[in-house]
Amino acid sequence: MVQLLGDGGGDSPGILSIVQPTIEAAEGEDLIVKVRRTGGKSGDVSVAYATVSESSYYYQFQATAGEDYNQSAGTLTWADGDAGEREIVVPIRAGDGAPEDYEGFRVALSDPQGGAGLGTKNAL
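Note that this is a predicted model, so its numbers are computed, not measured.

J.: Any chance you could explain the overall build of the protein chain here in plain terms?
T.: Check the secondary structure of the protein chain and you find zero helices and ten strands. Counting from the amino terminus, the protein chain carries its helices and strands in the arrangement β-β-β-β-β-β-β-β-β-β. For the protein chain, the proportion of its 124 residues judged to be buried stands at 31%. The contacts in the protein chain between residues at least 6 apart in sequence include a share of 72% that link residues at least 24 apart. Split by element, the accessible area of the protein chain, about 7,100 Å² in all, is 46% carbon and sulfur.

As structure tokens, this is what we get:
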């Protein structure tokens, strides 16, 4: 494992990353995306997140916001000295009972604040 510390070493604001870039959830469940602060915990930091409807190389079919999942957007924050994980919860809507192919969408991180960097910024 390689840990990026930035110019300030352990005193840096750190890197904000999605822990597991590929996640699956069944209809009617919540999709949980974990975000971790690593490589430093100096200062208050934050990062924006949002769900994004789009097809990808991983899934042949695109999930539709409002039909297959509830759109989600917001900001995750960490106080000075806090390196705990944060969770993004995306409700997956219950289906009609008919079998479906795998569908996908992205949860994307953007706009890091407080000097933090971005590591893995997308979950599929």
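J.: What exactly am I supposed to notice about the environment of Leu 118 here?
T.: Here Leu 118 shows up in strand β9 (residues 117-118). Under the relative-accessibility criterion, Leu 118 is labelled partly exposed at 30%. Residues Leu 118 and Arg 37, 81 residues apart in the sequence, show an inter-C-alpha distance of 9.5 Å. Beyond its immediate chain neighbours, meaning those up to four positions away, Leu 118 contacts Ile 15, Leu 16, Val 47, Leu 109, Ser 110 and Pro 112.

J.: I tried to follow the packing of aromatic side chains on my own but got confused; where do I start?
T.: Think of a pair of aromatic rings as described by two things: how far the centres are apart, and how the planes are tilted against each other in angle. All chains considered together, the criterion is met by one aromatic pair. On the basis of an interplanar angle of 10° and a centroid distance of 3.8 Å, the ring pair of Tyr 69 and Phe 105 is categorised as stacked. In this pair, Tyr 69 is assigned in the loop between β4 (61-62) and β5 (73-78) and Phe 105 in the loop between β7 (103-104) and β8 (106-113), connecting sequence segments 36 residues apart. Its relative accessible area of 0% is what places Tyr 69 among the buried residues. Looking at Phe 105, the relative accessible area reads 10%, which means it is buried.

The rules behind the values
- Residues numbered from 1 in each chain as written.
- Predicted model: local features only at pLDDT ≥ 70, side-chain atom pairs only at ≥ 80, totals over all residues.
- Heavy atoms only, no water.
- Helix = DSSP H or I, 4+ residues; strand = E, 2+ residues; numbered from the N terminus.
- Buried < 20%, exposed > 50% of the residue type's maximum accessible area, 1.4 Å probe, protein only.
- Contact = heavy atoms within 4.5 Å.
- Areas by Shrake-Rupley, 256 points an atom, 1.4 Å probe, with all protein chains shown as cover.
- Phe/Tyr/Trp six-rings, centres within 6.5 Å; stacked < 30°, edge-to-face > 60°.

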